[in-house]
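The chain contents come next:
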Amino acid sequence: MAKNTSFFTGLIVGGIVGGIATLLTTPSSGKELRANLQANRKRLDTTLQQLKNESIILKNQMKEAAIEGTQVVKEVSADIKNAINQFKQEIEPHKIELQKEIDEVEKKIKQLEQTLH
């Protein structure tokens, strides 16, 4: 947000400085100068109002994006938790079978050791 503020500030200051420099370097009568100043002021007011409206829109879009992002993260997190729990449930019967097979192998190794001694 600071970058946007700096950009808008630079844009405004640059517009003002450019307008003043143009008016001061252009040879014109007092009446023409006042008319130019008035026209430039109106353009500046319009530009400032547009910048204000656009910054409000940008701020609102950023808020919406943050809210939506938070919701998506919550949903993804819940999906991951469910997938992990489902995986654990699916693997549990196989885990028990594997443990039984390991126990059987250990028994046979012990029997083999006893017969060898």
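Everything that follows concerns the structure shown earlier in this document.
Residues numbered from 1 in each chain as written. Predicted model: local features only at pLDDT ≥ 70, side-chain atom pairs only at ≥ 80, totals over all residues. Heavy atoms only, no water.

A. Up close: the environment of Lys 110. In this fold, Lys 110 is placed in helix 2 (residues 30-116). Residues Lys 110 and Gln 61, spaced 49 residues apart in sequence, show a C-alpha to C-alpha distance of 70 Å. (Helix = DSSP H or I, 4+ residues; strand = E, 2+ residues; numbered from the N terminus.)

B. Examining the environment of Ile 57 more closely. Residue position: Ile 57 is located in helix 2. Under the relative-accessibility criterion, Ile 57 is labelled partly exposed at 48%. Considered as a pair, Ile 57 and Lys 74 are 17 residues apart in the sequence and their alpha carbons are 26 Å apart. (Buried < 20%, exposed > 50% of the residue type's maximum accessible area, 1.4 Å probe, protein only.)

C. Structural context of a negative patch on the surface. The grouping of Glu 101, Asp 103, Glu 104 and Glu 106 at the surface amounts to a negative patch. In this fold, Glu 106 is placed in helix 2. (Patch = residues over 30% accessible without salt bridge, like charges linked within 9 Å, V, L, I, M, F, W, Y side chains within 5 Å. Areas by Shrake-Rupley, 256 points an atom, 1.4 Å probe, with all protein chains shown as cover. Salt bridge = Lys/Arg side-chain N within 4 Å of Asp/Glu carboxyl O. Lys, Arg positive; Asp, Glu negative; His and termini not counted. Charge placed at Lys NZ, Arg CZ, Asp CG, Glu CD.)

D. View of the pattern of salt bridges. Applying the stated criterion across every chain, the model contains 2 salt bridges. A salt bridge links Arg 41 to Asp 45; its shortest N-O distance comes to 2.8 Å. Of this pair, Arg 41 and Asp 45 both sit in helix 2, 4 residues apart, which is roughly one turn of that helix. Here Arg 41 falls in the partly exposed class, since its relative accessible area comes to 43%. Given the relative accessible area of 37%, Asp 45 is considered partly exposed.

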